[in-house]
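Coordinate inspection notes
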Amino acid sequence: MKATVYFDRHLNGRTYKLSDIFAGTNQVISFLGIASSHELAALAAAEIFDLGLLKQGNGGTQGLPRYRYTHDGTRIDNITDWGLAQFIAHYGKKPGGRELSKDAIFAYVYGVLHDPVYRATYAQNLKRDFPRIPFQKDFWLWADWGRRLLDLHIGYAEQDPWLVKRSDVPDERARAAGVAPKPILKAEPEDGVIRIDTETTLSDIPREAFDYKLGNRSGLAWILDQYKEKTPRDPTIREKFNTYRFADYKEHVIDLITRVTRVSVETVAITRAMEAASSVKREG
């Protein structure tokens, strides 16, 4: 989820190359770093992302930017001419009558990194080596899948909401006490239900929405975790700065859940189609 950050080399312990990557408009394929013992996870970003974006256990998040920028603002293509030449040598300049470009290669890579067969076939390699991209049989099939996934994942908050059923039953005890309903933020995937608080429940959520995983949790689970009320351990922070209340963001969270449900369902549909079409075992 997005959060506000004051990004400065003097205040942030490690800024890595993020200032060079986001000195201008950019897209990045972030993925769970090779130092992790967990399976590959990938997520596109168009803004500064945290080292722990996909962190689970050991290992942090690495990024493959479409471009990088010099200190004077010059944009440098991060896909080399040599890389483009390798794809052209394999597929030709116009596979399927469409011009093969570096933007298309970027989308193709993002698509392949989501292929369940690729992830399973090279699972052990991906835990200790940088991802290596195979040539799939149909370039544009995978590039188009990758472009759709980029659009879904970067623009998740602008996707059309998935139609879910909302039930509101007044929490009379909370209302009598003059307080907001108690947050629950719990998913019940088998029943297609998310309990928002003691008044509101969402249902008719497709099982596929819980199958799209970012690491070891679904996208919906990440939302529920991020918006929980948590008590800071530090007493000063707890006393002076602990102002977050879920009730202030409830409607925003419900709206976000409906949009991420759309993203998750479509992502799973694409990855299942990939699984059926993958030629990794034959041509990888």
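Note that this is a predicted model, so its numbers are computed, not measured.

**So, the pairing of strand β1 (residues 28-32)**
With 5 of 5 residues buried, β1 is to be regarded as a mostly interior element. The two faces of β1 match: V28, S30 and L32 on one face and I29 and F31 on the other face are all buried. Pairing geometry for β1 and strand β2 (residues 42-45), over 4 bridges, is antiparallel. Paired with I29 across the bridge in β2 is A44. One ladder, built from 5 bridges, connects β1 with strand β3 (residues 61-65); its direction is antiparallel. What sits directly across from V28, in β3, is P65.

**Observations concerning the environment of R66**
Mapped onto the elements, R66 comes out in the loop between β3 and β4 (67-69). Judged by its relative accessible area of 6%, R66 falls in the buried class. Each C-alpha atom of the pair R66 and D144 lies 17 Å from the other, and the pair is 78 residues apart in sequence. Excluding anything up to four places from it in sequence, R66 contacts N26, Q27, D77, N78, I79, K102, D103 and F106. A distance of 2.5 Å separates a polar atom in the side chain of R66 from a polar atom in the side chain of D77. A distance of 2.8 Å separates polar atoms of two side chains, one belonging to R66 and the other to D103.

Cut-offs applied
- Residues numbered from 1 in each chain as written.
- Predicted model: local features only at pLDDT ≥ 70, side-chain atom pairs only at ≥ 80, totals over all residues.
- Heavy atoms only, no water.
- Buried < 20%, exposed > 50% of the residue type's maximum accessible area, 1.4 Å probe, protein only.
- Helix = DSSP H or I, 4+ residues; strand = E, 2+ residues; numbered from the N terminus.
- Pairing = 2+ DSSP bridges.
- Contact = heavy atoms within 4.5 Å.
- Polar contact = N/O pair within 3.5 Å; in protein donor to acceptor, adjacent residues only side chain to side chain.

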